[in-house]
Amino acid sequence: MKRLLVAFFSIICPAFSFGQILNLDRTVEVDSTEHKKYAAVIGASFNTLQQTYSFVDESISYDFTRYMPKNYILVLSGKSNLTTSGSSVIQNLGYIHLRFRDNDTRHVSAEPFTQYQWNATLGLVQRYLLGCNMRIQLLNNTKADIYYGVGLMFENEEWNYAGVTDLSKLPANLDPITNNFYKTNQYVKASISINDHCDLVSAVFLQNKIDDIIRSYRLSNYTTFNIRISKKFYFAVSADISYDNNPVVPINNTIYSLASTLSVRL
């Protein structure tokens, strides 16, 4: 029975794999009649279960939006997840993301961003991103919007070998690896309003090292299905998948996650 409960908690609680994905804000729209300067969406969970060892899963996600003059917004978003069983760490990962962008009013606008990530169980000790995209509006109406972004970013990251499962691929020197890369960054993001209570958001990213565009790239996608339960509460099911054709350490090329989240809008 306890094993069934562990499996159940693992399914219903958020599970994130953002070691490879550059986040794009997934803000909940504020009704224009509210005239708010701020908006916030917060989701959190905590579960513990006593087995042979204590099983603990805790997670939090947040999305804070500051509405700026001239139809710009500043978005701070992030997620973190820690799962332990006794003294063993099963998951320890997350990100913090800051982005300044147009509030879907301009056809072309600049979009600076910065991000900090970690995924200790995968071997990503830390990653800093700093960059700017040109955000181009391809479609924007009451039912759907599509945006294309293209730009450059700087990536500083540190890896160890905690996520390597094939021991035969471990090098003789197990010192952490630190890299500094300049990369191109492209994305296509689409949002579709299914009805007044449901919407679908999906984005595809392509990142290439500037000095090795063909042989070193990262392709990723996230898709989120949002359900508005009430004016304040939202339920979402999200899927993320990323493919890195040349990972820094010999981990799996493909990383994915499936998550369900219950959030409240403040």
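Computed from a predicted structure; not experimentally measured.

**Quick notes on the overall build of the protein chain**
Thinking step 1. From N to C terminus, the protein chain includes one helix and 12 strands.
Thinking step 2. For the protein chain, the succession of helices and strands along the chain, N to C, is α-β-β-β-β-β-β-β-β-β-β-β-β.
Thinking step 3. The burial tally for the protein chain puts 43% of its 266 residues in the buried class.
Thinking step 4. Once local pairs closer than 6 in sequence are excluded, the contacts in the protein chain between residues at least 24 apart make up 56%.
Thinking step 5. Total accessible area computed for the protein chain in this model is approximately 13,900 Å², and 62% of it derives from carbon and sulfur atoms.

**Things to note about empty space enclosed by the protein**
Thinking step 1. On inspection of all chains with the given rule, the structure shows three cavities of 30 Å³ or more.
Thinking step 2. Empty space within the largest cavity amounts to approximately 80 Å³.
Thinking step 3. Along the wall of the largest cavity there are 14 residues; nearest its centre are Lys-183, Lys-209, Arg-218, Asp-244 and Asn-246.
Thinking step 4. Elements with a contribution of two residues or more to the lining of the largest cavity: strand S7 (144–159), strand S8 (177–193), strand S9 (198–209) and strand S10 (212–228).
Thinking step 5. If you tally residues by element for the lining of the largest cavity, the top one is S10, at three residues.
Thinking step 6. For the lining of the largest cavity, the class distribution of residues is four nonpolar, four polar and six charged.

**Section: the confidence of the model for the protein chain**
Thinking step 1. The predicted model of the protein chain averages 86 in pLDDT, with 86% of residues at 70 or higher.
Thinking step 2. The low-confidence segment residues 1–21, where pLDDT is below 50, has 61 contacts with residues more than four positions distant or belonging to other chains.

**Some words on the pattern of salt bridges**
Thinking step 1. According to the stated counting rule, one finds 11 salt bridges in the structure shown.
Thinking step 2. Between Glu-111 and Arg-135 there is a salt bridge, with its nearest N and O atoms 3.7 Å apart. Of this pair, Glu-111 sits in strand S5 (residues 108–119) while Arg-135 is found in strand S6 (residues 124–140), placing the two residues 24 residues apart along the sequence. Both residues of the pair, Glu-111 and Arg-135, count as buried.
Thinking step 3. Measuring nitrogen to oxygen at the nearest pair gives 3.3 Å for the salt bridge that ties Arg-218 to Glu-155. One end of the pair, Arg-218, is in strand S10; the other, Glu-155, is in strand S7, with 63 residues separating them in the sequence. Of the two residues examined, Arg-218 and Glu-155, each falls in the buried class.

**Considerations on the nonpolar core**
Thinking step 1. Counting residues in hydrophobic clusters, the biggest one holds eight residues: Leu-122, Leu-124, Trp-159, Tyr-161, Val-164, Val-249, Ile-251 and Ile-255.
Thinking step 2. Counting five residues, the second largest nonpolar core, distinct from the first, contains Val-201, Ala-203, Phe-205 and Tyr-222.

**Thoughts on a nonpolar patch on the surface**
Thinking step 1. Together, Ile-192, Ile-194, Leu-200, Phe-225, Ile-229, Phe-233, Phe-235, Val-237, Leu-258 and Leu-262 make up a nonpolar patch on the protein surface, roughly 860 Å² of accessible area in all.
Thinking step 2. Listed by contribution, the elements that provide at least two residues to the nonpolar patch are strand S11 (233–244) and strand S12 (254–265).
Thinking step 3. Considering each element in turn, the nonpolar patch owes the most residues, three residues, to S11.
Thinking step 4. Checked against the element boundaries, Phe-233 lands in strand S11.
Thinking step 5. With relative accessibility at 40%, the residue Phe-233 sits in the partly exposed group.

**Quick notes on the environment of Ser-220**
Thinking step 1. The topology assignment puts Ser-220 in strand S10.
Thinking step 2. What makes Ser-220 buried here is its relative accessible area of 3%.
Thinking step 3. Taking the C-alpha atoms as reference points, Ser-220 and Ser-242, separated by 22 residues in sequence, lie 4.0 Å from one another.

**Quick word on the packing of aromatic side chains**
Thinking step 1. This model, assessed by the stated rule, comprises eight aromatic pairs.
Thinking step 2. Seen from their ring centres, Tyr-72 and Phe-100 are 5.2 Å apart, and the 15° between their planes marks the pair as stacked. With Tyr-72 in strand S3 (residues 72–85) and Phe-100 in strand S4 (residues 88–102), the pair connects residues that are 28 residues apart, well separated along the chain.
Thinking step 3. On the accessibility criterion, Tyr-72 (22% relative accessible area) is partly exposed.

**Comments concerning the pairing of S4**
Thinking step 1. In terms of strand pairing, S3 meets S4 through 14 bridges, oriented antiparallel. By the bridge assignment, Leu-82 is partnered in S4 with Asn-92.
Thinking step 2. In sequence, S3 turns back onto S4 through a hairpin of two residues, with Gly-86 there showing a positive phi of about 65°.
Thinking step 3. With seven bridges connecting them, S4 and S5 associate as antiparallel partners. Paired with Tyr-95 across the two strands is Gln-117, which belongs to S5.
Thinking step 4. Taking the residues that link successive antiparallel strands as the turn, the S4-S5 hairpin has five residues, and the phi of Asp-104 there is positive, at about 60°.

What counts and how
Residues numbered from 1 in each chain as written. Predicted model: local features only at pLDDT ≥ 70, side-chain atom pairs only at ≥ 80, totals over all residues. Heavy atoms only, no water. Helix = DSSP H or I, 4+ residues; strand = E, 2+ residues; numbered from the N terminus. Buried < 20%, exposed > 50% of the residue type's maximum accessible area, 1.4 Å probe, protein only. Contact = heavy atoms within 4.5 Å. Areas by Shrake-Rupley, 256 points an atom, 1.4 Å probe, with all protein chains shown as cover. 1 Å grid on protein atoms, 1.4 Å probe; cavity = no way out; pocket = protein on both sides within 12 Å on 5 of 7 lines; lining within 4 Å. Points joined across faces, edges and corners; volume = space filled by probe spheres on them. Nonpolar A, V, L, I, M, F, W, Y, C, P; charged D, E, K, R; others polar. pLDDT = per-residue confidence, 0-100. Salt bridge = Lys/Arg side-chain N within 4 Å of Asp/Glu carboxyl O. Core = buried A, V, L, I, M, F, W, Y, C linked by side-chain atoms within 4.5 Å. Patch = residues over 30% accessible without salt bridge, like charges linked within 9 Å, V, L, I, M, F, W, Y side chains within 5 Å. Phe/Tyr/Trp six-rings, centres within 6.5 Å; stacked < 30°, edge-to-face > 60°. Pairing = 2+ DSSP bridges.

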